[in-house]
Protein chains: 2
Amino acid sequence: MKRNIGAVPALYPCPVVVVGAMVDGKPSWTLAAHAGTVAHSHLMVSLVKAHYINKGIRENRELSFNVVDESWLKKADRMGVISANRTDKSEAFSYSIGENGAPVIDDAKVSIECEVDGNYEFENFDNFICRIQATYADDTVLNADGKIDYHVFRPVLFEFPTYEYFVTGEAVGKCGRMNG
Amino acid sequence: MKRNIGAVPALYPCPVVVVGAMVDGKPSWTLAAHAGTVAHSHLMVSLVKAHYINKGIRENRELSFNVVDESWLKKADRMGVISANRTDKSEAFSYSIGENGAPVIDDAKVSIECEVDGNYEFENFDNFICRIQATYADDTVLNADGKIDYHVFRPVLFEFPTYEYFVTGEAVGKCGRMNG
């Protein structure tokens, strides 16, 4: 039987990303999981306004979503523990500058570079609506058709209720083909 | 080495839900995965405007997110194949009416009932910003603290690049605790 456990978020587990942006000429980073795809062209990410990185995202309107896998989870997790308001995060990762100016993490096998198109602000959150400009993927995670292969690339997923990380598990079927 | 594979969405895999709403006095349903958490109080879901269900969501401003697991994946998948513009979906699921008026799928072990707070429309999509009103969880997926236990509850995840479903895999650590 189901019961009402309160007005709690429960759309989990979802991919963990490290968001990157330039702030005052240096890269900064933060850990996020409250994000999603909007239309087929945009991503949304929800970040508490007090984050140091929000200033850079607002000013430069460029950011990257670096999809976390287990190989660099420890480094990614640290970006959710330390605050760039107190500790310089600019040397936390080896990075490249994307074609549109956002810092992109070299460890990440999939990174998405975006331009801020809008901000659906409320409460103490910036909810950035971001147009996808470029998706960078490592050759090792692409299939023969040049598409990301999630049998090989296994993103880490987050859930808020007990604050644990899970990995992507096994394939269980093709979307739209489960009924023969 | 990473290369630019184009401006393609790549924030995957992410939870699959069946969205439910009343349309002209009867429940209707659609499959969605382009959704995410906004602030700590809201969900966003991105639905092509042509969907039949959008009319009901716009009129009644009430909907449910029913998180899919493998036990009812076939039924859920069908909601993405058939169109309610042509085929009546009102009898697709056994359902209950939530405390706020949205139809909630009995098969779903976790369902989130929401009120539409806004719509960040663009292109041919309604991107509903939905305030969480109630989260319903089955006793069998709750831990001793009354929180959803993702060691037990294993949502199905979707990825757009090759249109496959994956299950939630194993736990790999605690968020914020990966560095000792």
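Treat the numbers as computed from the prediction; the structure is a model and nothing was measured.

(A) Focus on the overall build of chain A. When its secondary structure is counted, chain A shows two helices and 13 strands. Radius of gyration (C-alpha) of chain A: 17 Å, near the 16 Å computed for a compact globule of 180 residues. Projecting the C-alpha coordinates of chain A onto the three principal axes gives extents of approximately 55 × 45 × 30 Å. Classification of the 180 residues of chain A by burial places 60% in the buried group. Across chain A, contacts joining residues at least 24 apart in sequence account for 60% of those joining residues at least 6 apart. Just so you have it, chain A exposes about 7000 Å², and 47% of that area is on carbon and sulfur atoms. On chain A, the mean spot of the 18 positive side-chain charges and the mean spot of the 24 negative ones are 5 Å from each other.

(B) Quick look at the pattern of salt bridges. Applying the stated rule across the entire model yields 24 salt bridges over all chains. For Asp126(B), the salt bridge goes to Arg58(B), with nearest N and O atoms at 2.6 Å. Of the two residues, Asp126(B) is situated in strand β11 (residues 125–138) and Arg58(B) in helix α1 (residues 52–60); the sequence distance between them amounts to 68 residues. Exposure remark for Asp126(B): the relative accessible area of 0% places this residue in the buried category. Its relative accessible area of 38% is what places Arg58(B) among the partly exposed residues. Overlapping salt bridges, with partners in common, bring together Lys49(A), Arg58(A), Glu121(A) and Asp126(A) in one network.

(C) How the structure looks around the confidence of the model for chain A. Per-residue confidence for chain A averages 97 on the pLDDT scale, and 100% of its residues sit at or above 70. Both confidence scores are given for the complex: pTM 0.98, ipTM 0.97.

(D) Molecular detail of the sheet that holds strand β2 (residues 14–15) of chain A. Pairing is antiparallel in the open sheet, where six strands are placed in the order β2(A)-β12(A)-β13(A)-β13(B)-β12(B)-β2(B). Since the sheet does not close on itself, it has two edges, and those belong to β2 of chain A together with β2 (14–15) of chain B, each with one partner.

(E) Molecular detail of the packing of aromatic side chains. All names here are of chain A. Inspection of the entire model under this criterion finds 23 aromatic pairs over all chains. Between the aromatic rings of tyrosine 12 and phenylalanine 160, the centroid separation amounts to 6.4 Å while the plane-to-plane angle is 20°, which identifies the pairing as stacked. Highlighted residues: tyrosine 12 in the loop between β1 (2–4) and β2 and phenylalanine 160 in the loop between β12 (156–159) and β13 (164–174), separated in sequence by 148 residues. Assessed through its relative accessible area of 0%, tyrosine 12 is described here as buried. Accessibility expressed as a relative area gives 25% for phenylalanine 160, which makes it partly exposed. Consider the rings of phenylalanine 158 and phenylalanine 160, whose centres lie 6.5 Å apart with planes at 70°: the pair is edge-to-face. Joined through ring pairs, the aromatic side chains of Tyr12, Phe158, Phe160, Tyr163 and Tyr165 make up one cluster.

(F) Structural detail: the pairing of strand β6 (residues 42–48) of chain A. Residue and element names in this part refer to chain A. For β6, a buried count of six out of seven residues is recorded, marking the element as mostly surrounded by other parts of the structure. The sheet contact formed by strand β5 (residues 35–38) and β6 spans four bridges and is antiparallel. In the sheet register, threonine 37 faces β6, and the bridge partner there is leucine 43. Where β5 hands over to β6, the hairpin turn is made up of three residues, of which alanine 39 adopts a positive phi near 55°. Two strands pair when backbone bridges link them, and β6 and strand β11 (residues 125–138) are joined in this way by seven bridges, in the antiparallel orientation. What sits directly across from methionine 44, in β11, is isoleucine 129.

(G) Quick peek at the side chain of Ser83(B). The residue Ser83(B) is located in the loop between α2 (73–78) and β8 (95–97) in this model. Of note is the side chain of Ser83(B), whose polar atom sits 3.0 Å from the backbone nitrogen of Asn85(B).

(H) Focus on the nonpolar core. In this structure, Val18(A), Tyr165(A), Val45(B), Ile57(B), Leu63(B), Phe65(B) and Ile112(B) are the most contacted members of the largest nonpolar core, which totals 52 residues. For Ile57(B), the contacting residues outside a window of four places in its chain are Val19(B), Ala21(B), Leu47(B), Glu62(B), Leu63(B), Val116(B) and Phe128(B). Membership of the second largest hydrophobic core comes to 51 residues, among which are Leu43(A), Val45(A), Leu63(A) and Phe65(A).

(I) How the structure looks around the relation of the copies chain B and chain A. With an RMSD of 0.0 Å, chain B superimposes on chain A once it is rotated by 180° and translated 0.0 Å along the axis. Taken together, these values place the two copies in the relation of a two-fold axis. Nearest to the rotation axis, the C-alpha of Gly169(B) is located 1.9 Å from it, this being the minimum over chain B.

(J) The interface of chain B and chain A, seen in detail. Taken together, the contact between chain B and chain A spans 94 residues of the former and 94 residues of the latter. Of the roughly 8100 Å² buried between chain B and chain A, counting both surfaces, carbon and sulfur atoms make up 63%. In this assembly, chain B and chain A are joined by two salt bridges. Remark: the boundary between chain B and chain A carries 48 residue pairs in polar contact (both at pLDDT 80 or more). Ranked by the residues each element gives to the side of chain B that touches chain A, the list is headed by strand β13 (residues 164–174) of chain B, at 11 residues. Where β11(A) lies against strand β1 (residues 2–4) of chain B, three bridges are found, and the strand directions are antiparallel. Opposite Asp138(A), over in β1(B), you have Lys2(B) as the bridge partner.

Cut-offs applied
Residues numbered from 1 in each chain as written. Chains lettered and ligands numbered in written order. Predicted model: local features only at pLDDT ≥ 70, side-chain atom pairs only at ≥ 80, totals over all residues. Heavy atoms only, no water. Helix = DSSP H or I, 4+ residues; strand = E, 2+ residues; numbered from the N terminus. Rg over C-alpha atoms; globule rule 2.2 N^0.38 Å. Buried < 20%, exposed > 50% of the residue type's maximum accessible area, 1.4 Å probe, protein only. Contact = heavy atoms within 4.5 Å. Areas by Shrake-Rupley, 256 points an atom, 1.4 Å probe, with all protein chains shown as cover. Lys, Arg positive; Asp, Glu negative; His and termini not counted. Charge placed at Lys NZ, Arg CZ, Asp CG, Glu CD. Salt bridge = Lys/Arg side-chain N within 4 Å of Asp/Glu carboxyl O. pLDDT = per-residue confidence, 0-100. Pairing = 2+ DSSP bridges. Phe/Tyr/Trp six-rings, centres within 6.5 Å; stacked < 30°, edge-to-face > 60°. Polar contact = N/O pair within 3.5 Å; in protein donor to acceptor, adjacent residues only side chain to side chain. Core = buried A, V, L, I, M, F, W, Y, C linked by side-chain atoms within 4.5 Å. Least-squares fit on C-alpha atoms with pLDDT ≥ 70 in both. Buried area = accessible area lost by both parts, 1.4 Å probe.

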